[in-house]
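Fold and contact review
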Amino acid sequence: MRKYRVAEIFSSINGEARRAGELATFVRFAGCNLNCTYCDTKWAMENVEAFAQLEKDTLLNIIKEKGIRNITLTGGEPLIQLGIDELIIDILRDNYYRVEIETNGAVAIRPFKEHIRETAEAEGITDIDDRLCFTIDYKCPCSGMDAMMCMDNYAAADASDVVKFVVSDEADLLRMKEIVEEYNLCSRSTVYISPVFGGIEPKDIVDYMLHNNLNDVRLQLQLHKYIWDPNARGV
């Protein structure tokens, strides 16, 4: 039976992306292939071997016991977990559930999207475009990981997906604008800008949006960091 290395499982609200403010069950996987300067879950990257290895059926049972429709797979980086597409498909076999995959932009999403959709079509799994969402980060220069981005991800993003830019200064905003325009993202997916918490002021992002006429780009604040302590886990 496939096993996954899991740092924590909890239920809360979605703090960001398409279903911000809605209840969700979060499965946070341990380990990441990046090391961003502003990472707020470094603990999930450290001593990875110490985290629990859970069998797929155990994970599915926990999800079902929670009874919450939105399932967010996050990390760390969920797409580096072997067999993550198998888990996603198994969740989607029950049409009650919606799955969001929060990915850091450094892993190619196209093979996952194609495999999941091909399997769904073959098995008659319905409403995939409504129930499956990739929230794809673009790591701006302040992250220190800009060069690690898989640029095909921004060509592969479609109407069911979100592209998210976390910014801390004007250089990040400029890079965000370049990527949005180069890949025509606003016509193909939902685009969010979020500030590095405690860094750039949200009003400065709004000023930049106004000055550059960034229609269809959305400012988003991380709700969970305003409701609870910004360093709290399991929320």
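Read on for an overview of the structure. Please read all numbers here as calculations on a predicted model, not as lab measurements.

**Some words on the packing of helix H2 (residues 84-92) against helix H3 (residues 110-123)**
Packing of H2 against H3 leaves a shortest axis separation of 10 Å and a crossing angle of 35 degrees. The interaxial crossing formed by H2 with H3 has right-handed handedness. Contacts from Ile84, Asp85, Ile88, Ile89 and Leu92 of H2 reach H3 at Phe112, His115, Ile116 and Thr119. Residue composition of the contact of H2 with H3, by class: six nonpolar, two polar and one charged.

**Regarding helix H1 (residues 56-66)**
Taken residue by residue, H1 has Lys56, Leu59, Leu60 and Ile63 as its buried positions. The arc that holds the buried residues of H1, viewed along the axis, is 100 degrees, so those residues lie on one side. Where H1 is buried, its residues touch strand E1 (3-13), strand E2 (23-29), strand E3 (52-55), strand E4 (70-74) and H2. Immediately downstream of H1, the backbone of Gly67 shows phi near 75 degrees, a positive value.

**Brief notes about the pattern of salt bridges**
Per the counting criterion, the structure on display carries 19 salt bridges. Salt-bridge contacts for Arg175 lead to Glu178; the nearest nitrogen and oxygen are separated by 3.2 Å. Within this pair, Arg175 and its partner Glu178 are both found in helix H6 (residues 170-182), separated by three residues, close to a single helical turn. One continuous salt-bridge network, built from bridges that share partners, spans Arg2, Lys56, Glu86, Asp90, Arg93 and Glu123.

**With respect to the sheet that holds E4**
The strand order E3-E1-E2-E4-E5-E6-E7-E8-E9 describes an open sheet built from nine strands, whose pairing is mixed. This sheet does not close on itself; its edge strands, each paired only once, are E3 and strand E9 (217-219). Strand-to-strand twist in this sheet, taken as the mean axis angle between neighbours without regard to direction, amounts to 30 degrees. Bridge analysis of E2 against E4 gives four bridges, and the strand direction is parallel. Residue pairing for E4: Phe26 is matched across the bridge by Thr72. H6 contacts strand E6 (132-139), strand E7 (162-167), strand E8 (190-195) and E9 of the sheet and is inclined by roughly 160 degrees relative to E7.

**As for H2**
Extensive coverage of H2 is indicated by the burial of eight of its nine residues. Buried within H2 we find Ile84, Asp85, Leu87, Ile88, Ile89, Asp90, Ile91 and Leu92.

**Observations regarding the side chain of Lys177**
As for its position among the elements, Lys177 is in helix H6. Relative accessible area serves as the criterion here: at 18%, Lys177 is assigned to the buried category. Excluding residues within four positions of it along the chain, Lys177 makes contact with Tyr208, Asn212 and Leu214.

**Quick look at the nonpolar core**
In this structure, Phe29, Leu73, Ile88, Leu132, Phe134, Phe165 and Leu185 are the most contacted members of the largest nonpolar core, which totals 57 residues. Per-element tally for this core: the top contributor is H2, with six residues. The contacts of Leu73, once residues within four sequence positions are left out, are Val27, Phe29, Pro78, Ile84, Ile88, Val99, Glu100, Ile101 and Glu102. In this structure, Ala7, Ala30, Trp43 and Ala44 belong to the second largest nonpolar core, which totals five residues.

**What to know about the environment of Tyr96**
Within the secondary structure, Tyr96 sits in the loop between H2 and strand E5 (98-103). Placed 27 residues apart in sequence, Tyr96 and Arg69 show a C-alpha to C-alpha distance of 6.2 Å. Other than its neighbours up to four places away in sequence, Tyr96 contacts Gly67, Ile68 and Arg69. Here the side chain of Tyr96 touches Gly67 through a polar contact of 2.8 Å, landing on its backbone oxygen.

What counts, and where the lines are drawn
- Residues numbered from 1 in each chain as written.
- Predicted model: local features only at pLDDT ≥ 70, side-chain atom pairs only at ≥ 80, totals over all residues.
- Heavy atoms only, no water.
- Axes fitted to C-alpha atoms, helices over the stretch in contact; angles between N-to-C directions.
- Helix = DSSP H or I, 4+ residues; strand = E, 2+ residues; numbered from the N terminus.
- Left-handed = near helix turned anticlockwise from the far one by under 90°.
- Contact = heavy atoms within 4.5 Å.
- Nonpolar A, V, L, I, M, F, W, Y, C, P; charged D, E, K, R; others polar.
- Buried < 20%, exposed > 50% of the residue type's maximum accessible area, 1.4 Å probe, protein only.
- Arc of directions from axis to C-beta.
- Salt bridge = Lys/Arg side-chain N within 4 Å of Asp/Glu carboxyl O.
- Pairing = 2+ DSSP bridges.
- Core = buried A, V, L, I, M, F, W, Y, C linked by side-chain atoms within 4.5 Å.
- Polar contact = N/O pair within 3.5 Å; in protein donor to acceptor, adjacent residues only side chain to side chain.

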